[in-house]
Amino acid sequence: MGGTWEALAAKKCQDLLDSIPEEWRIPKHLLPPESQDDVTGFPETSGWFTQEELDITNLTALELLPRLAAGDLSSETVTRAFCKRAAAAHQLVNCLSETCFDRAIETAKALDERLAQGLGPAGPFHGLPISLKDMFNLKGLDATVGFTSHIGHPAEHDSELVTLLLNAGAVPYVKTNVPTAMMIAETVNNAFGRTVNPFNRKLTSGGSSGGESALLVFKGTPLGVGTDIGGSLRIPAACTGIWTIRPSFGRFPTHGCRSGLPGQEAVHSVNGPMTRTLADLEYYCKAVIDAEPWHSDPRCMPIPWRPVALPPKLKVAVMWHDGIVLPTPPVTRALKHTVDRLQAAGHELIDWSPEDQAEGLSLLGRMFVADGGKSVMHELAKTGEPLRPEMAAYGEARELSGSEYWKLHMERQAFQKRYLDRWKKAGIDAILAPVTPFSGVQNGLFKHVGYTGVYNVLDYAAISFPTGMTVDQAVDVPQADAPAALSDLDQVIRSEYNAEVVHGMPISLQLIANRLEDEKCVEMCKVFVEALE
């Protein structure tokens, strides 16, 4: 499809709106005013949803699945309810990139018919609507990853994970918005514009899986799948107070997805679930790995989902800051509270030096632009689309030579070895750290992926989990005895922090296990949750 980027984007956005049936378009007199920040209560207060639709969409995945498998709830009824709520979410926070409502309803009907014929559930996700981040290929739908150049080029095949989910009985029905090339920590691009946070539309839902996080907290999906190459699952999860895991590479299938930086393999993109509960997260992980995806994705490791026996007392290293940016006051308060509760529960807590974090972040940044930004600039040039200011580094980078790139890999391996040796010498089970410096942050002001990106370089398993705490503007104010700024960036973030704007936002933290310890990461998170409760 040819044309200028503006025309392509305008038509794509209109086509997306037109794909929403009339009965799922919010009547104008019911639309909340633009000045209304929190729209999460809209489904309950608008009177536009039936009680059955509300009851269904308020259920978690694990509450829905047994009833779907037993036929107590029809997949068609459940799918229609989530289609409507997802359509509403998009009209309020701009979170979708594609819909396939008709296809989803037909899939759901076929699953219901299967039960009616006495054939039993199709698999562990029988009848469950599952939303997907835009970069997953669904046959017949675009996967723009935020580039206008990809508009009008529908996928010819499903991604490997999509095939697995369909075989397991899932019902894909929407794809969700991402930033340009999935390389911004907020969800904004020149094709669809900006996705905002349903809790507070002045704030970002994070990125790059920010369409998913926004849809999930609006309860427009019971379970979504996003991806993470520098924090793209954990950051949006933390911005919205939901659950996610960044698994080690090779646990979940990645074949057949569209990349924002195709061919960039120095740090791997991984995919993982975004859920309302830890139980939903664990169920998804086990179900996907139990399908033995290594038989269809050559880069999946033949490692089953393994039972883990934790020691009675965990040894947890606490990274209070990364030596570059101090967390904002609510994150530090949540970190202190979590440490206190873990100590009270009998676990051993030690401090973790941030001495290696700056090098890890530098490695990540250099890997992303090792091609001199050519991949990104090439896509933009196809339609005359401008480079977004958040991605200035891609317009300024110098392309590395082959030998320079090999040296970068050697630096990465030395870094991974040094970090592993420190971990083993300390004898720790996990690191507890911020996910980002923020509990929430205004649209356009997100800065610093250092707390997440280093663990992509290391390929460690990491969970972003809500602490159950929220920002209190009366308490979470900058302290007079705060340490001096750690960097110029730290000073900027401190100056932009506004406790009043983020008041009431959920506060999340990050639990980091070692490489391929995804199961242990989940089990330890249960211990953390128990301590916090």
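Placed above this text is the structure.
About the thresholds
Residues numbered from 1 in each chain as written. Predicted model: local features only at pLDDT ≥ 70, side-chain atom pairs only at ≥ 80, totals over all residues. Heavy atoms only, no water. Helix = DSSP H or I, 4+ residues; strand = E, 2+ residues; numbered from the N terminus. Rg over C-alpha atoms; globule rule 2.2 N^0.38 Å. Buried < 20%, exposed > 50% of the residue type's maximum accessible area, 1.4 Å probe, protein only. Contact = heavy atoms within 4.5 Å. Areas by Shrake-Rupley, 256 points an atom, 1.4 Å probe, with all protein chains shown as cover. Salt bridge = Lys/Arg side-chain N within 4 Å of Asp/Glu carboxyl O. Polar contact = N/O pair within 3.5 Å; in protein donor to acceptor, adjacent residues only side chain to side chain. Axes fitted to C-alpha atoms, helices over the stretch in contact; angles between N-to-C directions. Parallel < 35°, antiparallel > 145°, perpendicular 65-115°, else oblique. Nonpolar A, V, L, I, M, F, W, Y, C, P; charged D, E, K, R; others polar. Pairing = 2+ DSSP bridges. 1 Å grid on protein atoms, 1.4 Å probe; cavity = no way out; pocket = protein on both sides within 12 Å on 5 of 7 lines; lining within 4 Å. Points joined across faces, edges and corners; volume = space filled by probe spheres on them. Phe/Tyr/Trp six-rings, centres within 6.5 Å; stacked < 30°, edge-to-face > 60°. Lys NZ or Arg CZ within 6 Å of the ring centre and 35° of its normal. Disulfide = S-S within 2.5 Å.

1. Focus: the overall build of the chain
The helix and strand tally for the chain stands at 18 helices and 15 strands. In terms of overall size, the chain behaves like a compact globule, its C-alpha atoms giving a radius of gyration of 22 Å where 533 residues would be expected to give roughly 24 Å. Based on the C-alpha atoms only, the size of the chain along its principal axes is roughly 60 × 55 × 50 Å. When the 533 residues of the chain are sorted by exposure, 58% land in the buried category. Considering only contacts in the chain between residues 6 or more positions apart, those separated by 24 or more positions represent 81%. Counting every atom, the chain has about 19,900 Å² of accessible surface; 54% of that belongs to carbon and sulfur.

2. Comments concerning the pattern of salt bridges
A side chain with one charge may pair with a side chain of the opposite charge, provided their charged atoms come close. One pass over the full model with this rule turns up 34 salt bridges. With a closest N to O distance of 3.7 Å, Glu106 and Lys109 form a salt bridge. Pair noted here: Glu106 and Lys109 are both in helix α6 (residues 101-116), with a separation of 3 residues, about one helical turn. With relative accessibility at 35%, the residue Lys109 sits in the partly exposed group. Lys447 serves as the salt-bridge partner of Glu496, at 2.7 Å between the closest nitrogen and oxygen. Here Lys447 lies in the loop between β13 (430-433) and α16 (450-458) and Glu496 lies in helix α17 (residues 488-496), a separation of 49 residues in the sequence. Using a relative accessible area of 27% as the deciding quantity, one classes Glu496 as partly exposed. Put simply, Glu355, Asp356, Glu359, Arg418 and Arg422 are held in one network by salt bridges that share partners.

3. Digging into the environment of Gln479
Among the secondary structure elements, Gln479 is positioned in the loop between β14 (462-470) and α17. Separated by 150 residues in the primary sequence, Gln479 and Pro329 have C-alpha atoms spaced 8.0 Å apart. Of the polar contacts made by the side chain of Gln479, one reaches the backbone oxygen of Val477; its length is 2.9 Å.

4. A few points about the packing of helix α10 (residues 278-290) against helix α18 (residues 518-532)
Here α10 crosses α18 at 170°, and the two axes come no closer than 11 Å. One element, α10, and the other, α18, form an angle in the roughly antiparallel class. Every residue of α18 that contacts α10 at Leu278, Leu281 and Glu282 is listed here: Val522, Glu523, Cys525, Lys526 and Val529. Among the residues forming the contact of α10 with α18, the class breakdown is 5 nonpolar, no polar and 3 charged.

5. With respect to the pairing of strand β8 (residues 223-228)
Burial analysis of β8 places 6 of its 6 residues in the buried class, the great majority of the element. Residues Leu223, Val225 and Thr227 line one face of β8 and the alternating positions Gly224, Gly226 and Asp228 line the opposite face, and both faces are buried. As judged from the 2 bridges shared by strand β2 (residues 129-133) and β8, these two strands associate in the parallel manner. Bridge assignment links Leu132 to a residue of β8, and that residue is Val225. For β8 and strand β10 (residues 270-275), the ladder comprises 6 bridges, and the chain directions are antiparallel. By the bridge assignment, Leu223 is partnered in β10 with Thr275.

6. Points about the layout of surface pockets
Of the voids in this model, the largest pocket is the one considered here, and its volume is about 690 Å³. Ranked by residues supplied to the lining of the largest pocket, first place goes to helix α12 (residues 357-368) with 4 residues. Grouping the constituent residues of the lining of the largest pocket by class yields 17 nonpolar, 7 polar and 3 charged.

7. Structural notes on the sheet that holds strand β11 (residues 315-318)
Taken in spatial order, the 11 strands of this open sheet run β1-β3-β2-β8-β10-β9-β14-β15-β13-β11-β12, and their pairing is mixed. Where the open sheet ends on each side, the last strands, each with one partner, are β1 (96-99) and β12 (348-351). With strand direction ignored, the average angle separating the axes of adjacent strands in the sheet is 30°. Where β13 and strand β15 (residues 506-512) come together, 3 bridges link them in antiparallel fashion. Across the sheet, the residue bridging to Ala433 is Gln510, located in β15. Across the sheet, helix α7 (residues 160-167) lies against β2, β3 (171-176), β8 and β10, angled at about 175° from β2, the strand it touches most. Against the sheet, helix α15 (residues 402-426) makes contact with β11, β12, β13 and β15, and its axis sits at roughly 105° relative to β13, the strand it touches most.

8. Focus on the packing of aromatic side chains
Enumeration over the complete set of coordinates arrives at 13 aromatic pairs. Connected via pairs of aromatic rings, a cluster forms that spans Trp352, Phe415, Tyr419, Trp423, Tyr455 and Tyr460. A cation over an aromatic ring shows up here: Arg85 above the ring of Phe218, its NZ or CZ 5.8 Å from the ring centre. Above the face of the Tyr419 ring, Arg422 is positioned so that its terminal group lies 5.7 Å from the ring centre.

9. Some remarks on empty space enclosed by the protein
In total, this model carries 1 cavity of 30 Å³ or more according to the counting rule given. Considered as a void within the structure, the largest cavity measures approximately 50 Å³ in volume. Together, Thr328, Phe438, Gly440, Val441, Gln442, Ile493, Glu496, Tyr497, Asn498 and Val502 line the largest cavity. Class assignment of the residues belonging to the lining of the largest cavity gives a composition of 5 nonpolar, 4 polar and 1 charged.

10. Here's the deal with unusual backbone geometry
Residue Ser208 is bonded to the preceding Gly207 through a cis peptide linkage, with omega at 10°. Looking at the secondary structure, you find Ser208 in the loop between β7 (200-204) and α8 (210-217). Notably, Lys219 is not glycine yet its phi reads approximately 65°, a positive angle. Counting through the fold element by element, Lys219 comes out in the loop between α8 and β8. Lys219 gets classed as partly exposed once you look at its relative accessible area, which sits at 28%. Notably, Glu292 is not glycine yet its phi reads approximately 55°, a positive angle.

11. Points about the state of the cysteines
Applying the stated criterion across every chain, the model contains 0 disulfides. Cysteine Cys95 is unpaired, with the sulfur of Cys83 as its nearest cysteine sulfur at 13 Å. Residue Cys257 stays outside any disulfide, its sulfur separated by 11 Å from that of Cys300, the closest cysteine. Overall, the relative accessible area of 22% leaves Cys257 in the partly exposed class.

In short, geometric facts, not functional conclusions.
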